[in-house]
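Coordinate analysis (summary)
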Protein chains: 2
Amino acid sequence: MGPAVLDQSLCFAVYSAGLAFNRVYKPILEPLGLTYPQYLVMVALWEAEGQSVSELGEHLFLESNTLTPLLKRLEVAGLITRARDKADERQVRVSLTEKGRRLLAEAACVPGQILQATGLTVEQLRQLQRAIAGLRDNLRA
Amino acid sequence: MGPAVLDQSLCFAVYSAGLAFNRVYKPILEPLGLTYPQYLVMVALWEAEGQSVSELGEHLFLESNTLTPLLKRLEVAGLITRARDKADERQVRVSLTEKGRRLLAEAACVPGQILQATGLTVEQLRQLQRAIAGLRDNLRA
DNA sequence: TGCGATTAAATCGTGTGCGATTTATATTTC
DNA sequence: GAAATATAAATCGCACACGATTTAATCGCA
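Heads up: these notes are all about the structure in this document. (Residues numbered from 1 in each chain as written. Chains lettered and ligands numbered in written order. Predicted model: local features only at pLDDT ≥ 70, side-chain atom pairs only at ≥ 80, totals over all residues. Heavy atoms only, no water.)

Comments concerning the sheet that holds strand S3 (residues 92–96) of chain A
All names here are of chain A. Stated formally: Two strands pair under a simple rule: DSSP has to find at least two bridges between them. In DSSP terms, a helix is any run of H or I states spanning at least four residues, a strand is any run of E spanning at least two, and both are numbered starting from the N terminus. Residue contacts follow a heavy-atom distance rule, with two residues in contact if any of their heavy atoms lie within 4.5 Å. Geometry is summarised by axes, namely lines fitted to C-alpha atoms with helices restricted to the contacting stretch, and by angles between N-to-C directions that run from 0 to 180 degrees.
One open sheet holds the 3 strands; their spatial order is S1-S3-S2, and the pairing between them is antiparallel. Of all the strands in the sheet, the pair left with one neighbour each is strand S1 (51–52) and strand S2 (80–84). Direction of pairing for S2 relative to S3: antiparallel, over a ladder of 5 bridges. Among the inter-strand pairings, threonine 81 is bridged to a residue of S3, identified as serine 95. Sheet strands touched by helix H2 (residues 36–47): S1, S2 and S3. Its angle to S3, the strand with the most contacts, is close to 85°.

Structure, rendered in structure tokens:
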């Protein structure tokens, strides 16, 4: 191990950038009553309502052991409903409540605030996003 | 929210890449008996032994509420010792045990395995590391 | 010198992540 | 069509993260 190994490690950069993002999101999402993973679920549902737990998991790279408790908290918060699929009762369909739909308007300003905090231009951001998503896909392969 | 908002979001890319890294590290670190955050602490200590909890936290971007329990687990595992600083008893100095020092040899192959999993060249990796570390530093500013 | 302010860890409660297992439903296969 | 298999969620236990508070030691300054 040479000097400053951590400082030069890609995985640590990703890890610590994740922590930093979380800390930036926290005060922004707090007025909405959401944690960052909960916000991700809401974003996924604003895009496509009625997804099953597995489908949500495919989009978020999470499984039911993480999603089920999180979804229950969103349900308690009155933002979503969870109901067994009539055609296949193994699946649970997740839908938005009216309150959950209304939250979209309040959340509209979030991406802009985050963009500002990154200190990047839109073009830099797009490029970095692609590189990191590619890295993630490599890691998952 | 347009289509595939998540897929185009930088923060989600960082978040999901972090998850993916964690999953790659898990089976590699399991034989060493370490989690990824524990591995980071060990790397920091292999670089500089005798750091206080705060100093470790500055390197890892963590605080005592996270580090204290983690360090206690490393202590129980026999890899480190924790002792109050004689000159300033508020601080706790973290040192390696002989077992902790020996683990460095076993961990030597880890970075190579990770590099392989990223599917990147060393030069691509270095560039991406710099970009993400820069992003993190912007977010922390 | 003494006492209020500061600093360093630790503690506590909540919310993720995830491996392993369990439960319930659907599908396959004989 | 019944038993074996497969699939979807849920459950459980453990280890982070982190805001908020507490405890203990040191510092600062009148």
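Digging into the protein's contact with DNA strand D
Under the convention used in this document: A molecule or strand has a residue near it when one of that residue's heavy atoms lies within 4 Å. As used in this structure description, the phrase polar contact means that two N or O atoms lie within 3.5 Å; if the pair is within protein, one of them must be able to donate a hydrogen and the other to accept it, and residues adjacent in sequence are counted only when both atoms belong to side chains. Each residue is assigned to one class: nonpolar for Ala, Val, Leu, Ile, Met, Phe, Trp, Tyr, Cys and Pro, charged for Asp, Glu, Lys and Arg, and polar for all the others, Gly among them.
Around DNA strand D lies a shell of 28 residues, among which Tyr15, Arg23, Ser54, Thr68 and Lys72 of chain A are the nearest. Backbone atoms, meaning sugar plus phosphate, form 74% of the atoms of DNA strand D positioned within 4 Å of the protein. Here a phosphate oxygen of DNA strand D sits 2.5 Å away from a polar atom, N or O, in the side chain of tyrosine 15 of chain A. Within the side chain of arginine 82 of chain A, one N or O atom sits 2.6 Å away from a phosphate oxygen of DNA strand D. Sorting the residues of the surface near DNA strand D by element identifies helix H1 (10–29), helix H3 (53–60), helix H4 (64–76) and S2 of chain A together with helix H2 (36–47) and helix H4 (64–76) of chain B as the ones contributing at least two each. When grouped by side-chain class, the residues that make up the surface near DNA strand D number 8 nonpolar, 10 polar and 10 charged.

Side note on the interface of chain A and chain B
This is how the line gets drawn: Accessible-area loss on putting two parts together, using a 1.4 Å probe and summing over both, is the definition of buried area adopted here. Take a side-chain nitrogen of Lys or Arg and a carboxyl oxygen of Asp or Glu: if they are within 4 Å of each other, that pair is a salt bridge.
With 53 residues of chain A in contact, the opposing surface of chain B contributes 53 residues. The junction of chain A with chain B conceals about 4,700 Å² of combined surface from both sides, 74% of it contributed by carbon and sulfur atoms. The interface formed by chain A and chain B contains 0 salt bridges. Summed over the shared surface of chain A and chain B, the result is 8 residue pairs in polar contact (both at pLDDT 80 or more). Sort the elements by how many residues they give to the side of chain A that touches chain B and H1 of chain A lands first, with 15 residues. Split by residue class, the side of chain A that touches chain B holds 38 nonpolar, 10 polar and 5 charged.

Let's talk about the protein's contact with DNA strand C
Surrounding DNA strand C, one finds 28 residues, the nearest of these being Gln38 of chain A together with Tyr15, Arg23, Ser54 and Lys72 of chain B. Of what DNA strand C places within 4 Å of the protein, 72% of the atoms are sugar or phosphate. Within the contact set of DNA strand C, a base nitrogen lies 2.8 Å away from a side-chain nitrogen or oxygen of asparagine 65 of chain A. Contacts to DNA strand C include arginine 82 of chain B, whose side-chain N or O atom sits 2.7 Å from a phosphate oxygen. Among the residues forming the surface near DNA strand C, the class breakdown is 8 nonpolar, 10 polar and 10 charged.

Concerning the relation of the copies chain A and chain B
Rule in force here: When the copies are superposed, the least-squares fit takes in the C-alpha atoms of residues with a pLDDT of at least 70 in both.
It takes a turn of 180° to lay chain A on chain B, together with a shift of 0.0 Å along the axis; the resulting RMSD is 0.0 Å. A rotation of that kind, with that shift, is consistent with a two-fold axis. Closest approach to the rotation axis within chain A is made by the C-alpha atom of valine 14 of chain A, at a distance of 3.1 Å. Mapped onto chain B, 100% of the interface residues of chain A again fall at the interface, so both copies present the same surface.

Re the pairing of S3 of chain A
Residue and element names in this part refer to chain A. Counted only if it meets this: Relative accessibility thresholds used throughout: buried, under 20% of the residue-type maximum; exposed, over 50%; partly exposed, between the two (1.4 Å probe, protein chains only).
Going residue by residue along S3, you find Val92, Val94 and Leu96 tucked away on one face and Arg93 and Ser95 left uncovered on the opposite face. Looking at chain direction, S1 and S3 are connected through 2 bridges and run antiparallel. The residue bridging serine 52 from the neighbouring strand is arginine 93, located in S3.

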